[in-house]
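Fold and contact review
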Amino acid sequence: MRPASLSTRISLLLVVTSLLLLGGGGRWMDWRIDHAMEGRFRQNLLTQATALSAMIALEQDALGATHAVQPQAGILSGDGRTYYELRCDGMPPLRSQPPVPLIPAGWPQRAERQPRFARLQQDDRDLGTVQYSFLSAPPETASEDTDAHDTAPRSTQPRPCRLLFAQDRRAIDQIMLAVDWTLTLGPALALLIALIAVPLIVRRGLRPIDRLVERMRDIGPNAPGQRLAASGLRELDPLVARFNDVLGRMDDGLARERQFASGLAHETRTRLAELRALTEVESRYPSGRSLPELLAEIGSIGAELEATVTALLLLTRLQSGLEQPLLQPLPLAPWLERQRQRLQGVIASRGLDVQVVGTPPVCLHTDPALLEVVVGNLLGNACAYAPAGDRVTLQLAADGLSIDNTAPELSAEDLANFGQRFWRKQLPHAGHAGLGLALASAAAHALGLRLDFRLDPEQRLHARLSWPPDMTRSDCA
């Protein structure tokens, strides 16, 4: 299955958006134009009907009902042919010539003072109509030019009239149809152009991504240190920066893995070489030592190799999450005293002053084995690397413990290397593979503890182990 194309997806989104915008905009414009033109048509229709009714009323007032002149159909101007029918009380109906082609049944009875518009359609005829009622005003005085022989009585009361006025809609319908075609073909043509132009424009706009892909092709584990140059585009520069960050972390990870592989190979090769050299030298040039002494030295070398492998296995299990803590109540004060007693030989041989200050919580809910990995390594390192005769302080509090000792050979930059496998500040020596702090950090993380290191101005190293409040107990029952 071919992967989806970004240019195709963007083009499709643009085309769909254009279709919605142009189509919806065209429909809205068409509705607005039709509504405005229909309003203008009705206004024009009402204006013509009003002019006709006023003209007829003036003729009736001037000449009388029996001498009223019937207006001709073409006397009014308009966009289409006009028709009318007028019915006034007390006088015969007046109709245009030709008369209204389509007359609603019973329209005089439905005529009101408020104009009522309608549209009448039949076969090929399409009329717009307006109907309303009005009062024809009576004459005020007799005209001097009135025929002396005209003895017809003149009414002085307003005459109720009802007018039906119609006009052919063919002209305005043709205009509205032309507008509809224009508003339909315009967006259709724009969409056709968009279908052709948008993919080309999008592909051209995505060329910087293609160039970025080409530059990424030569970057990999075999060429560490290479970085992508900024593209100068606001959208791509954050991606370039993130990718460079990933490359930096990848280089750091590869460097640590190479260092780990190198350290592991060195530790294993060194001890195996010691065993081989010992056996070859003793077989060719016997030293005269007793068998128990030789076996003890071989056992010591094997124990160091076994300790390294065991530490690596535990570290791997901790970092992969396979080693799950087994939580149980742990009386903290006697447990710490046992950890100090295990190091009593080192403390006495180096003349160290180990002080325990503060009040620890009565009990911790934790895994004693993993906590021993953390505290045992921290306290063992403090006793091993502090200057002879130095003071090592184990300070206890309700939220954690802190171990500090003088570290004259450490610098602030060295603290960033704490926790790395096979990292050693001093030269390699027997019994130390540089895995202690890595194990302590991994075990602390597995227990949910926080481990921090700080070097104060007096060149004393502080290792701070903090635990959450829910780990402490008031008793171990």
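Overview of the structure.

Rules used in this analysis
Residues numbered from 1 in each chain as written. Predicted model: local features only at pLDDT ≥ 70, side-chain atom pairs only at ≥ 80, totals over all residues. Heavy atoms only, no water. Axes fitted to C-alpha atoms, helices over the stretch in contact; angles between N-to-C directions. Helix = DSSP H or I, 4+ residues; strand = E, 2+ residues; numbered from the N terminus. Parallel < 35°, antiparallel > 145°, perpendicular 65-115°, else oblique. Left-handed = near helix turned anticlockwise from the far one by under 90°. Contact = heavy atoms within 4.5 Å. Nonpolar A, V, L, I, M, F, W, Y, C, P; charged D, E, K, R; others polar. Expected span 1.5 Å × (residues − 1). Buried < 20%, exposed > 50% of the residue type's maximum accessible area, 1.4 Å probe, protein only. Polar contact = N/O pair within 3.5 Å; in protein donor to acceptor, adjacent residues only side chain to side chain. Salt bridge = Lys/Arg side-chain N within 4 Å of Asp/Glu carboxyl O. Patch = residues over 30% accessible without salt bridge, like charges linked within 9 Å, V, L, I, M, F, W, Y side chains within 5 Å. Areas by Shrake-Rupley, 256 points an atom, 1.4 Å probe, with all protein chains shown as cover. Lys, Arg positive; Asp, Glu negative; His and termini not counted. Charge placed at Lys NZ, Arg CZ, Asp CG, Glu CD.

**Thoughts on the packing of helix H7 (residues 332-342) against helix H9 (residues 368-385)**
Between H7 and H9, whose axes approach to 11 Å, the crossing angle comes to 45°. The orientation of H7 relative to H9 falls into the category oblique. As for the relative orientation of H7 and H9, their crossing is right-handed in sense. Of the residues in H9, those in contact with Trp335, Leu336, Gln339, Arg340 and Arg342 of H7 are Pro368, Leu371, Glu372, Val375, Gly376 and Leu379. A per-class count over the contact of H7 with H9 returns six nonpolar, two polar and three charged.

**So, H9**
Helical geometry: 3.6 residues make up each α-helical turn, so side chains three or four residues apart lie on a common side. In this model H9 runs 25 Å from its N-terminal to its C-terminal C-alpha over 18 residues, within 8% of the 26 Å that 1.5 Å per residue would give. Three or more residues of H9 are buried, namely Pro368, Leu370, Leu371, Val373, Val374, Val375, Leu378, Leu379, Gly380, Ala382 and Cys383. Between the side-chain oxygen at the start of H9 and the backbone nitrogen of Ala369 there is a gap of 3.0 Å, and the oxygen is on Asp367.

**Structural notes on the pattern of salt bridges**
Proximity of charged atoms lets side chains of opposite charge pair with each other. Within this structure, the stated rule accounts for 17 salt bridges. Across the pair Arg170 and Asp168 runs a salt bridge whose closest N-O atoms are separated by 2.8 Å. Assessed through its relative accessible area of 45%, Arg170 is described here as partly exposed. Two residues, Arg460 and Asp404, come together in a salt bridge whose shortest N-O distance is 2.6 Å. Here the residue Arg460 occupies a position in strand E12 (residues 460-466), and Asp404 occupies one in strand E10 (residues 400-406), the gap between them amounting to 56 residues. Judged by relative accessible area, Asp404 falls into the buried class, the value being 5%. In this structure, a network of salt bridges that share partners links the residues Glu38, Arg42, Arg119, Asp126, Arg169 and Asp173.

**Thoughts on a positive patch on the surface**
The grouping of Arg204, Arg207, Arg211 and Arg215 at the surface amounts to a positive patch. Broken down by element, the residue count for the positive patch peaks at three residues, all from helix H4 (residues 207-216). If you trace the backbone, Arg211 turns up in helix H4.

**What about unusual backbone geometry?**
Backbone torsion omega between Gln97 and Pro98 reads 0°, so that peptide bond is classified as cis. Mapped onto the fold, Pro98 is located in the loop between strand E2 (94-95) and helix H2 (107-110). Although it is not a glycine, Gln459 adopts a positive phi angle of roughly 65°. Among the secondary structure elements, Gln459 is positioned in the loop between strand E11 (450-455) and E12.

Functional significance is not addressed by these values, which are geometric in nature.
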